[in-house]
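# Commentary on secondary and tertiary structure
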Amino acid sequence: MKMNRRTFLQTSALAVAGAGLAPHARAADAVTLITPTADAMIMIWLPGGMAQTDLWDPKEYTPYRKGMKGSELLGTCKAIPTAADGIFLGEGLENIASAMQHGTILRSLSYDTRFGAIHLKAQYYMMTGYLFPTGVKAPSMGSVIARSAGRRHPQVPPYIYIGRDIDTSDEEKLFISEYLGPGFYGVNYAPFMIPEPARGLSTLNAAAGMKIDRLDRRQAYLQAIAGAAAPELQEADKARDYMKVMEEARAMMDSPVKKAFDYARDEKPTLLEAYRPKITAAEQLDSGYYNGQRFGEGCLLARRLVEAGARFVQVEYQYGPFKGFDMHENGRQRMIEMKKQIDGPIAQLVRDLHERGLLKRTLVCIATEFGRTIASAPAAGVEPEGDAERHTGENLIIDSEAMYGFHGHFSSGNQMLFFGGGFKSGYAHGQTAARHPMVPVKDPVHLSDVHATIYKALGIPPDHNYVTEGRPFYVTNLGKGQPIGALLA
Amino acid sequence: MLIERAARTCYVVVVPAHAEEYAVARCGRASLLMSRLRNSVRVARRMALAAVAGGCFCAAAAESKRVEIPVRPVDLKEAAKVSYARDIKPLLAADCDECHSSDDFKGGFSISSAATLIKGGKKGGPGIVPGKPDESSIVKYILGLADGPQMPKGETPLSESELHLIRSWIAAGAVDDSDRAAALANTDAVRTNAVSSLPADAARRWEDVLIFSTNRDQQFAARRALRLGLVAPAAPPPKVAGPVFNEIDQFVEARWAEAKLPQAQKPPPVCDDAAFVRRVYLDVIGVIPSAQASRAFAADRAQDKRAKLVDALLARAQDYAAHWTPFWEEALASQPSMGGVGTHGDYADFIYKSFAENKPFDLMVAEILDPTMPGYQKADLANANGKINVIGFVRTQTQTDTIQTAANTAQVFLGTGMKCASCHNHFLNKEWPQARFTAFAGLFATNDLELIRCEKHSGHFVAAAFPFDLPDAPKQVPHDPEQRLHYLTTLLVDPTNPRFAKTIVNRIWKRYLGLGLFEPADDFRLDRAPSHPRLLDWLADDFMRHNYDLKHTIRLILTSRTYQLRYDPALEDHFDVQKPDQPRYARSPSLRRLTAEQFTDSIHEAAALHWDGVRLFRSAASTAFTRALGRPAVRNEVCTGRADDVAVVQALELLNGTELHDLAYSGEVLDELASLADRKHIVEELYWSVLSRAPTSAECKLGLAYLDANAPAGAAAKPAGPQERADTAPLGDMLWALAASPEFQYIR
């Protein structure tokens, strides 16, 4: 049954019933309303604001020349052909290029909102589909899919998040944890966090070196004392549910998830090598910062978790202000580095899924919060309202190599990649201007429509909703997203 | 008489025996506290009586009759602190300016400077004789002892404290410190009780209360008293046959009789001491009792020990405030800067202090919303570029901000869901056509707002208006943005507002009983009756007549028999949005899950960890453990309650997370237990420490069996794990199991 705003009144009881169900019955909360083309999804999340011109949408290569105008800076690398006819990527993405026959590039994503200097608001927007603050704790995409599509395997969490350290009092990280979370859906749809794949196994091994048999004796003692408690406690539904979930948690410690972590033993050395970044931590501009080893292993683990039965896995190249993709100077050098970090692992993930016959029913999506453009004040990254959309670069002089690159935040031009899961193969959607400002000039699309397309692939209608505070809250912005047919096979 | 006192600004709540005597005074200096207290009680009593008599102050002054003002001896040490510029000049300006200003000095007397005061008027001699208050004609006139009418003529005479202030200043030499006025501006005023100087008939009208008096806090209290006079008293509690502890039980048991429930004949029992002591500790201060406290309570034979414990816990002001703070931080979306993305500013300290002081709830709300209040709170917030924005709960930069602020205010303080109506007519609640909401939202804005239906501009502007029609309230909405918010706040917290007091007493009820009298607590609506409408009316009325004293209502609830009933799953109420009219009878409290804060702080108490009372709510850190237990990483959106879901992610944290492990296995209690020779004692101590009670014999057997199997006496102790001691690790296992048991996880 299709649910929209008009029929909400009649059908809200259904959604409400879902919200109130006891946890062991929560599979019924998932309502498949349209036929999915994907059973699982891997979201490769590369926050920081990637320079689309050096990655998915190369323009004319204009080498550095001291004193060149901003309008003359169109690309810091050459374009390379890909396995898909007529589609080019930036140099340094040779591996992804070789897998492009499986993929779709969305080149014309554009926002009405100018996020200016604020990465976090743009990230929140991409992850939830709503502008911050929303007035409601908005759930992230992973929680939406976990709740609406449900679990694929009873002992595998439906939403798994890899590659973000979470125990923090750092304000930005706290903010990020919240928008990656379940919002008003509650802890049942919270991500199962794996900050570090290499240490991931410990999450499901007994804590603090405790032997598993002792853990079981302890749990048996818990069962015994709970069974000896006052009768009113034993009869209470809430207490019963609680004890049941404690057992489920114990069962998960032996689940297929645990097996998925064992990649170092199970996989061939050549395959492990393919998931490694092609740059060492010492070679990076930010030599002390995060090296993509963790990201690469996260991609591998994501594949194994999908094989184990995960519904939605998000792998993050951990965001840090002025680090990684958040480049405000040395743009060219940084992009060369970042491509070495991500090119191998992403391509290998797509190849693996394809070789195993999983790509057809697994959607892989690559996203960042906004694009980049030339900027007169690279370090600040400030984008005054509408400025980036008018800026031709005529008045900008690039007088050092550090200034050579795409350092300005660009809310009007963002791009995404999709592989498998019912999306088209070897296709590029939309087109951007060849000169600054490089705004979409053909088929611009809204983010809510992109979300609607993703949700459609997972079998979720755009106006699917859950009730909070006595009103429906939709999976796409106000329930208005329209799937983009052209992106789908 | 119970006095709550807090460290800096001093709110003094006096609770004498009769309802009309309640008063609130705000005092800068503790040394003047008691005298002011007596005075403010008297004034407030007079005001309240006048208010009850018909909303005016006519009773006090008549020209022909002298009114006795008590004269107190002057303490010269205190008198030296009185400042002309700061204390005397404004007082005289408020009371005498109309006739004795420099423009128009009747009788040749002007109050415009200290010099003209000393000089005096045409008759009666010098106005002031420095050092000799009672020879000063100004004092004689005020007392009505001079040759002529009592001053101010035809107005309410000065209060005892105002007179005392003037006499003190004269006694100390009548020094003119006008040149130091600027320096004095930042010091605490020796405040006058300006309320008493309202002209006799002035306070009849709403606006006048705003104008007379320079002291906004007292103005606030005065208006409250006045407006309470317009509220018809709630129906008294019905007579019932069954056992009652207080009025609440009368309402609850009458409902049982009405519904012909068997409980009307045979009331369910109250809970045992072990359940009560744990319940009330967790409810009032948010931490379980220590083993000693639980034992002492169990051993206490006093009849009134439960009520005494409630009082003792409510008196632990800091702990009480600590337990309330997270709730209000979430309700106000209080958040320090979030990398430049903060929404509402940081109210943590304000909330904590307000609760530690037991600030009247209406005043606390006014200090959040009304920029003209002396205690108005908003926070500085640095954005990503280091630019400081002043930000508060009220945000009005864009129309979206304004709309969200209005919806948040309605949700938190009126228990009313209006978010739907912010884009279109509320299709689930006919009370809220969009225009009514937009009119309300307009009060937060600088101008009337346009109706924007589902993002389409209509060109139609809706005149700002408060959504409820309050008796005698002004209809004219001020244009000045601050005055607009002041207008809004005044109406919002007004005793005649049908939702304000009910919303907060309902939240309090829900906090302690598990379900509100109306549910959902944020969706109060006319087409859905509360479970106990008369009880809700009465509680709200009683709360207002106790000057919005939260502790008063909390005490009432916690000492009721209803709160103390035994938990019984067969009698427990449930709320289902689909069947909102299903009756709820309050025959058993609901089983309530511990919050992350209650759980963490209680584990510290149970395990005797060195934590120096630094409680979780103080921590800015968010961890897998705290998030799994429902503590939000950030508070960007207004939220008035956490779900108490159980989930695998959470159970994994309890079962296998390092954080709980570290707490359960490192407390001193394990060393104490390990040193006990008798294993039975070990089990007993564990139960007292964690579950606040003695184990049953079956539980004793289970505990002993676990010890025997895992720590055999005399056997060579093998290390249990890398960092664990073989003698304490099995004890840690047991402590963990007790803490992970439903009895610990829930309040029953």
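Residues numbered from 1 in each chain as written. Chains lettered and ligands numbered in written order. Predicted model: local features only at pLDDT ≥ 70, side-chain atom pairs only at ≥ 80, totals over all residues.

## Observations concerning the overall build of chain B
- Secondary structure summary: chain B contains 32 helices and 8 strands in total.
- In chain B, which comprises 748 residues, the share counted as buried stands at 53%.
- Relative to all contacts within chain B whose residues are 6 or more apart in sequence, the contacts with residues 24 or more apart total 63%. (Helix = DSSP H or I, 4+ residues; strand = E, 2+ residues; numbered from the N terminus. Buried ≥ 20, exposed ≤ 12 C-beta atoms within 10 Å, placed from the backbone. Contact = placed C-beta atoms within 7 Å.)

## Concerning the overall build of chain A
- Across its full length, chain A carries 16 helices and 18 strands.
- A buried classification covers 56% of the 489 residues belonging to chain A.

## Overview of the domain arrangement of chain B
Residue and element names in this part refer to chain B.
- Domain boundaries assigned for chain B yield domain 1 (10-228), domain 2 (318-391), domain 3 (399-481) and domain 4 (594-748).
- Of the residues lining the interface, 11 residues belong to domain 2; the matching set on domain 4 comes to 11 residues.
- Among the residues forming the side of domain 2 that touches domain 4, the class breakdown is 5 nonpolar, 4 polar and 2 charged. (Domains from an automatic or database assignment. Nonpolar A, V, L, I, M, F, W, Y, C, P; charged D, E, K, R; others polar.)

## Considerations on the domain arrangement of chain A
- Split by domain assignment, chain A resolves into domain 1 (8-200 + 261-487) and domain 2 (206-252).
- For domain 1 of chain A versus domain 2 of chain A, the distance between C-alpha centres works out to 39 Å.

## So, the sheet that holds strand β9 (residues 362-367) of chain A
Residues and elements named next belong to chain A.
- An order of β7-β6-β8-β1-β9-β13-β5-β14 is seen for the 8 strands of this open sheet, with the pairing classed as mixed. This sheet does not close on itself; its edge strands, each paired only once, are β7 (192-194) and β14 (427-429). Averaged over all neighbouring strand pairs, the angle between strand axes comes to 15°, with direction disregarded.
- In this structure, β9 lies alongside strand β13 (residues 414-419), joined through 3 bridges in antiparallel fashion. The residue bridging C365 from the neighbouring strand is F418, located in β13.
- Each of β1 (40-45), β6 (159-162), β8 (312-316) and β9 touches helix α13 (residues 293-308); the most contacted strand, β8, lies at about 175° to it. (Pairing = 2+ DSSP bridges. Axes fitted to C-alpha atoms, helices over the stretch in contact; angles between N-to-C directions.)

## Details of the pairing of β6(A)
Residues and elements named next belong to chain A.
- Covered by surrounding structure in β6 are Y159 and Y161 together with I160 and I162, the residues of both alternating faces.
- Two strands pair when backbone bridges link them, and β6 and β8 are joined in this way by 4 bridges, in the parallel orientation. In the sheet register, Y161 faces β8, and the bridge partner there is Q314.
- Where β6 lies against β7, 3 bridges are found, and the strand directions are parallel. Within the sheet, the bridge partner assigned to I162 lies in β7 and is I194.

## Some details on the pairing of strand β17 (residues 465-468) of chain A
Residue and element names in this part refer to chain A.
- The sheet contact formed by β17 and strand β18 (residues 471-474) spans 4 bridges and is antiparallel. In the strand pairing of β18, Y466 is matched with F473.
- Between the antiparallel neighbours β17 and β18 lie 2 residues, among them E469 with a positive phi of about 50°.

## Concerning the environment of G442(B)
- Looking at the element boundaries, G442(B) is found in helix α19 (residues 434-442).
- With near-sequence residues (within four places) excluded, G442(B) lies in contact with D448(B), L449(B), V462(B) and A464(B).

## Focus: unusual backbone geometry
- For the bond running from F132(A) to P133(A), omega is -10°, close enough to zero to count as cis.
- Considering the arrangement of structural elements, one finds P133(A) in the loop between α3 (119-128) and α4 (141-149).
- Positive phi is not limited to glycine here, since N547(B) has a value of about 55°.
- Tracing the chain through its elements places N547(B) in the loop between α22 (533-545) and α23 (550-558).
- With 23 C-beta atoms packed within 10 Å, N547(B) lands in the buried category.

## A word on the interface of chain A and chain B
- With 67 residues of chain A at the interface, the matching set in chain B holds 74 residues.
- For the side of chain A that touches chain B, the secondary structure elements donating two or more residues are α1 (8-19), α3, α5 (171-179), β7, α7 (212-227), α8 (231-235) and α9 (237-252) of chain A.
- Among the elements that take part in the side of chain A that touches chain B, α9(A) stands out by supplying 11 residues, more than any other.
- Classifying every residue of the side of chain A that touches chain B by side-chain character gives 40 nonpolar, 10 polar and 17 charged.

## A word on helix α13 (residues 291-299) of chain B
Residue and element names in this part refer to chain B.
- All buried positions along α13 are accounted for by A291, S294 and F297. The buried side chains of α13 occupy one side of the element, clustering within an arc of 135° when seen end-on. Turned more than 90 degrees away from the buried face of α13 sit Q292 and A299, all of them exposed.
- Where α13 is buried, its residues touch α12 (273-284), α14 (305-314) and α29 (679-691). (Arc of directions from axis to C-beta.)

## Some remarks on the packing of α7(A) against helix α30 (residues 697-710) of chain B
- For the pair α7(A) and α30(B), the least separation of the axes is 10 Å and the interaxial angle reads 170°. Taken together, the axes of α7(A) and α30(B) are roughly antiparallel relative to one another. Contacts between α7(A) and α30(B) involve R217(A), Y221(A), A224(A) and I225(A) from the former and E699(B), L702(B), Y706(B) and N710(B) from the latter.
- Looking at the contact of α7(A) with α30(B) residue by residue, the classes come out as 5 nonpolar, 1 polar and 2 charged. (Parallel < 35°, antiparallel > 145°, perpendicular 65-115°, else oblique.)

## What about the confidence of the model for chain B?
Residues and elements named next belong to chain B.
- With 81% of its residues at a pLDDT of at least 70, chain B reaches an overall mean of 81.
- Across residues 1-63, where pLDDT falls below 50, the model places 119 contacts with residues more than four positions away in sequence or in other chains.
- Scored below 50 in pLDDT, residues 184-213 makes 82 contacts in the model with residues more than four places away or belonging to other chains.
- Two summary scores accompany this predicted model of the complex, namely pTM at 0.78 and ipTM at 0.83. (pLDDT = per-residue confidence, 0-100.)

## Describing the environment of D463(A)
Residues and elements named next belong to chain A.
- Examined against the element boundaries, D463 turns out to sit in the loop between α16 (447-457) and β17.
- Classification of D463 by C-beta neighbours within 10 Å gives buried; the count is 23.
- Separated by 123 residues in the primary sequence, D463 and K340 have C-alpha atoms spaced 40 Å apart.

## As for helix α20 (residues 481-492) of chain B
Residues and elements named next belong to chain B.
- With 12 residues, α20 should reach 16 Å at 1.5 Å per residue; the first-to-last C-alpha distance of 16 Å fits that figure.
- Burial of α20 is extensive: 9 of the 12 residues sit out of reach of the surface.
- Residues R484, L485, H486, Y487, L488, T489, T490, L491 and L492 constitute the buried set of α20.
- Looking at the buried side of α20, the elements it contacts are α17 (361-369), α18 (399-414) and α21 (500-513). (Expected span 1.5 Å × (residues − 1).)

## Let's talk about the environment of P371(B)
Residues and elements named next belong to chain B.
- The topology assignment puts P371 in the loop between α17 and β3 (379-382).
- The exposure class of P371 is partly exposed, given the 17 C-beta atoms found within 10 Å.
- Along the primary structure P371 and L485 are separated by 114 residues, whereas in three dimensions their C-alpha atoms are 7.1 Å apart.
- Those residues in contact with P371 that sit more than four places away from it in its chain are Y376, E482 and L485.

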